[in-house]
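Residue-level structure breakdown
One letter stands for each residue in the lines below.
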Amino acid sequence: MTLALVLLCIVGLVLLIAVGKINAFSAFLLISVVAGVVLGMPLADIPKSIEKGIGDTLGSLVIILCFGAMLGKLLAESGAAEKLAAALMRAFGPRYIQWAMVVAGFVIGIPLFYGIGFVLLVPLIFSVAYQYKLPTIYIGLPMLAALSVTHGFLPPHPSPTALVVQFEANMGLTLVYGLAVAIPTIIIAGPLFARTLKSIVAQPLQAFAATTPAANPPGTANSFFTALLPVLLLMLAAVYPFLTGLPFQRLMALLGQPSVVMLLAVAYATYSLGLKQGRSMPQIMGIYGDAVKDISMILLIIGASGALKQVLTDSGASLAIAEQLRHVALPPLVLGWLMAAIIRACVGSATVAGLTTAGLIAPLLVQTHTNPNLMVLAVGAGSLMFSHVNDSGFWLFKEYFNVSVKDTLRSWSVMEALVGGLGLVGVLVLDALV
């Protein structure tokens, strides 16, 4: 009965978002109250549970997500992201142009949120396709596959970062494992798959191709180092404890904390991409303020998802469901992937799918001793499956590339399905090895 009630609440959440067009934040809160009532919680405890869930979830995420948004916004505004892409194009040349686009999407996608990265890189895709007289989707899909993978698999993006916190995983190890899964996934779902789509004719709208270059862009080396600094610090912190005999272990433990990493990265970017390039501190702070506004709704949705998770926990539903799921003839990693994929197909949001799944699957981790770092990747991969007409990314692709719904399903939707499916395969391979 508990499982049936929770499933009804999830269906209600899906209907509110997909059919009722209610904001995901409001839908999560409403369903949290309903779940508390139908699961038999004392009515006076429901608001306390919701507030605790929001506080616990956002308490460890606000710093990371806000600093990540600030860094991404400054990379875009300073011209550093455009500089990275141009340098990669020169390095790879026309013959390996697809691989240049993949690397550009991957490098730029790590620090940038998906929507920002998409809008930033699309003009580059159009200009390259025009310059080399190549099909637009053949050029663009590999870059967008890299963006999608970084969005679903790799911290400091919102969904994987939130999953790391909820599963009590190690962010550095999750990033290392995520890179191992991401690279082959991008190669197959990006350049190799895009070669089958040369027949799709895309006529991008000229308004989307317009871009204004930064007045005083930073150097290429500076752009690369600043963009990748969070990744370098997280990877160093993950590896450092295994390098026996090295000093400053306690200091590295502090510097390896994700919130400290993002603080250091933003502090460095403030100088390297801001003050050093002639921007005043008020101008830089204005960019940072706009960045936080851009992700305010993401923060609210993540917090509200934590409220539902807490209600399910405090009511005892999570433990009851976990006990029942133990008897499902599926490995926990596959089960987490499948739950996220189904919710993604219904709701359309990868972030909502991942966070909703986390609340249901988290208790199972302890009981089955599943690697939490791999569960982050499994749920992240599932959350990228089945992108169709209820996904904003689907319509971004269709409108920017000016193709039909049929061709969008044939290109974008299949690419996302490949990313999700190959991601699960990569996770299962890692699970067998580690």
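From a predicted model like this one, the values you see are computed outputs, not experimental measurements. Numbering of residues starts from 1 in each chain and follows the order in which that chain's sequence is written. Since the coordinates come from a predicted model, pLDDT governs what is reported: local features require at least 70, and pairs of side-chain atoms require 80 or more to be given and counted, while whole-chain, interface and lining totals use all residues. To obtain the side-chain values, all non-hydrogen atoms of the structure were used and water was disregarded.

1. Digging into the overall build of the protein
The criterion, for reference: Counting from the N terminus, the helices are DSSP H or I runs at least four residues long and the strands are E runs at least two residues long. Atoms counted for the radius of gyration: C-alpha only. Globule rule: 2.2 Å times the number of residues to the power 0.38. Throughout this description, buried means an accessible area under 20% of the type-specific maximum (1.4 Å probe, protein chains only), exposed means over 50%, and partly exposed covers the range between. Note on contacts: a residue pair is in contact if any heavy atoms of the two residues lie within 4.5 Å. Charged residues are defined here as Lys and Arg on the positive side and Asp and Glu on the negative side; His and the ends of the chain fall outside this count. In plain terms, the charge of a residue is placed at NZ if it is Lys, CZ if Arg, CG if Asp and CD if Glu.
A count of helices and strands for the protein gives 22 helices and zero strands. Here the C-alpha atoms of the protein give a radius of gyration of 21 Å, agreeing with the 22 Å that 2.2 N^0.38 yields for 434 residues. Expressed along its principal axes, the backbone C-alpha trace of the protein runs to roughly 60 × 55 × 45 Å. Counting every position in the protein, which comprises 434 residues, the buried fraction comes to 55%. In the protein, the share of contacts with a sequence separation of at least 24, taken over all contacts with a separation of at least 6, comes to 80%. Seen as two clouds, the 20 positive and the 15 negative side-chain charges of the protein have centres 12 Å apart.

2. Description of the pattern of salt bridges
Should the charged atoms of two oppositely charged side chains come close, the side chains can pair. Note the threshold: Basic side-chain nitrogens of Lys or Arg form a salt bridge, by our definition, when they fall within 4 Å of a carboxyl oxygen of Asp or Glu.
Under the counting rule described, the total for this entry stands at three salt bridges. The salt bridge involving Lys-52 is made with Asp-56; its shortest N-O contact spans 2.7 Å. Of this pair, Lys-52 and Asp-56 both sit in helix α3 (residues 45–59), four residues apart, roughly one helical turn.

3. Observations concerning the packing of aromatic side chains
We apply this condition: Geometry of aromatic contacts follows a simple scheme: Phe, Tyr and Trp rings, the Trp one being its six-membered ring, pair when their centres are within 6.5 Å, and the pair is stacked under 30 degrees between planes, edge-to-face over 60, tilted otherwise.
Counted by the stated rule, this structure contains three aromatic pairs. Taking the centre distance of 5.5 Å and the plane angle of 80° together, the rings of Phe-225 and Tyr-268 count as edge-to-face. Of the two residues, Phe-225 is situated in helix α12 (residues 220–239) and Tyr-268 in helix α14 (residues 258–274); the sequence distance between them amounts to 43 residues. Judged by relative accessible area, Phe-225 falls into the partly exposed class, the value being 40%.

4. Observations concerning unusual backbone geometry
Backbone geometry places Lys-21, a non-glycine residue, at a positive phi of 60°. Locating Lys-21 in the fold gives a position in the loop between α1 (2–18) and α2 (24–38). What makes Lys-21 exposed here is its relative accessible area of 66%.

5. Points about the packing of helix α4 (residues 62–78) against helix α15 (residues 281–294)
Where we set the bar: Each axis is a line fitted through C-alpha atoms, and for a helix only the stretch in contact is used; angles between axes span 0 to 180 degrees, taken between their N-to-C directions. These descriptions rest on fixed angle ranges, namely under 35 degrees for roughly parallel, over 145 for roughly antiparallel, 65 to 115 for roughly perpendicular, and the rest for oblique. Crossing handedness is defined as follows: a turn of the near helix away from the far one that is anticlockwise and smaller than a right angle gives a left-handed crossing, while the clockwise case is right-handed. Here the nonpolar group is Ala, Val, Leu, Ile, Met, Phe, Trp, Tyr, Cys and Pro; Asp, Glu, Lys and Arg are the charged ones; every other residue, Gly included, is treated as polar.
Between α4 and α15, the least distance of the axes is 8 Å, while the angle of their chain directions is 120°. For the element pair α4 / α15, the angle class is oblique. The hand of the α4/α15 crossing is right-handed. Between α4 and α15, the contacting residues are Cys-66, Ala-69, Met-70, Lys-73, Leu-74 and Glu-77 on the first element and Ile-287, Tyr-288, Asp-290, Ala-291, Val-292 and Asp-294 on the second. For the contact of α4 with α15, the residue count by class is eight nonpolar, no polar and four charged.

6. Describing the nonpolar core
Soluble, globular proteins show a tendency: their nonpolar side chains are buried together. What counts here: Each nonpolar core is a collection of buried residues, namely Ala, Val, Leu, Ile, Met, Phe, Trp, Tyr and Cys, held together in the definition by side-chain atoms within 4.5 Å.
Counting 140 residues, the largest nonpolar core has Ile-137, Leu-144, Phe-153, Phe-167, Phe-401 and Met-415 as the members making the most contacts within it. Ranked by residue count, the leading element in this core is helix α8 (residues 136–153), at 11 residues. If sequence neighbours within four positions are ignored, Ile-137 has contacts with Pro-142, Ala-194, Leu-197, Ile-200, Ala-202, Phe-397, Phe-401, Val-403 and Ser-411.

7. Structural notes on the confidence of the model for the protein
Regions with low pLDDT should not have their predicted coordinates read in detail. Going by this rule: Confidence of the predictor at the level of single residues is captured by pLDDT, which takes values from 0 to 100.
Mean pLDDT over the protein: 83, with 91% of residues reaching 70 or higher. No element of the protein has a lower mean pLDDT than helix α11 (residues 206–209), at 48, and none a higher one than helix α20 (residues 372–382), at 93.

8. A short note on the side chain of Glu-416
If you trace the backbone, Glu-416 turns up in helix α22 (residues 405–433). When residues no more than four places from it in sequence are discounted, the contact partners of Glu-416 are Ser-148, Arg-344, Leu-384, Met-385 and Ser-387.

9. Brief notes about the packing of helix α10 (residues 171–194) against α22
Two elements in contact, α10 and α22, have axes separated by 9 Å at closest approach and are oriented at 145°. Both α10 and α22 take part in a crossing whose hand is right-handed. Here Tyr-177, Ala-180, Val-181, Thr-185, Ile-188, Ala-189 and Phe-193 of α10 lie close against α22, whose contacting residues are Arg-410, Ser-411, Val-414, Met-415, Leu-418, Val-419, Leu-422, Gly-423, Gly-426, Val-427 and Leu-430. For the contact of α10 with α22, a count of residues per class yields 13 nonpolar, four polar and one charged.

10. Some details on α15
Residues spaced three or four apart along an α-helix face the same direction, because each turn holds 3.6 residues. Quick reminder of the rule: Expected span, for any helix, means 1.5 Å times one less than how many residues it has. Working note: the arc is built from the helix axis to C-beta atom directions.
Between its terminal C-alpha atoms α15 stretches 20 Å, which fits the 20 Å expected from 14 residues at 1.5 Å a residue. Every buried residue of α15 is listed here: Ile-284, Ile-287, Tyr-288 and Ala-291. All buried residues of α15 project into a common sector of 95° when viewed along the axis, lining one side. Structural note: α15 exposes Pro-282 and Lys-293 on the side pointing more than 90 degrees away from its buried face. Of the surrounding elements, those touching the buried residues of α15 are α4 and α14.

11. A short note on the environment of Val-376
Within the secondary structure, Val-376 is located in helix α20. A relative accessible area of 1% means that Val-376 is categorised as buried. Distance from Val-376 to Ala-345, taken between C-alpha atoms, is 19 Å for residues 31 residues apart in sequence. In this structure, Val-376 is in contact with Pro-160, Leu-163, Val-164, Phe-167, Ala-169 and Thr-174, ignoring residues within four places of it in sequence.

12. Looking at a nonpolar patch on the surface
As a reminder, the rule being used: Residues qualify for a patch when their relative accessible area is over 30% and they have no salt bridge, like charges being joined within 9 Å and the nonpolar side chains of Val, Leu, Ile, Met, Phe, Trp and Tyr within 5 Å. Accessible surface area values rest on a Shrake-Rupley calculation with a 1.4 Å probe, where residue burial reflects the displayed protein chains alone.
The grouping of Phe-225, Leu-232, Tyr-268, Tyr-271, Leu-275, Met-281 and Met-285 at the surface amounts to a nonpolar patch, some 650 Å² of accessible area in total. When contributions to the nonpolar patch are tallied by element, the ones reaching two or more residues are α12, α14 and α15. By the secondary structure assignment, Leu-275 is in the loop between α14 and α15. Take Leu-275: its relative accessible area is 39%, and that puts it in the partly exposed class.

13. Observations concerning the side chain of Asn-373
Heads up, the rule is: Whenever a nitrogen or oxygen atom comes within 3.5 Å of another N or O atom, the pair is scored as a polar contact, on the condition that within protein one atom can donate a hydrogen and the other can accept it, and that pairs from neighbouring residues in sequence are kept only if both atoms are in side chains.
With respect to the helices, strands and loops of the structure, Asn-373 is situated in helix α20. The class of Asn-373 is buried, set by a relative accessible area of 7%. Within the local environment of Asn-373, its side chain forms a polar contact with the backbone nitrogen of Asn-170, the two atoms lying 2.9 Å apart. Dropping the residues within four chain positions of it, Asn-373 is found in contact with Ala-169, Asn-170, Leu-173, Thr-174 and Tyr-177.

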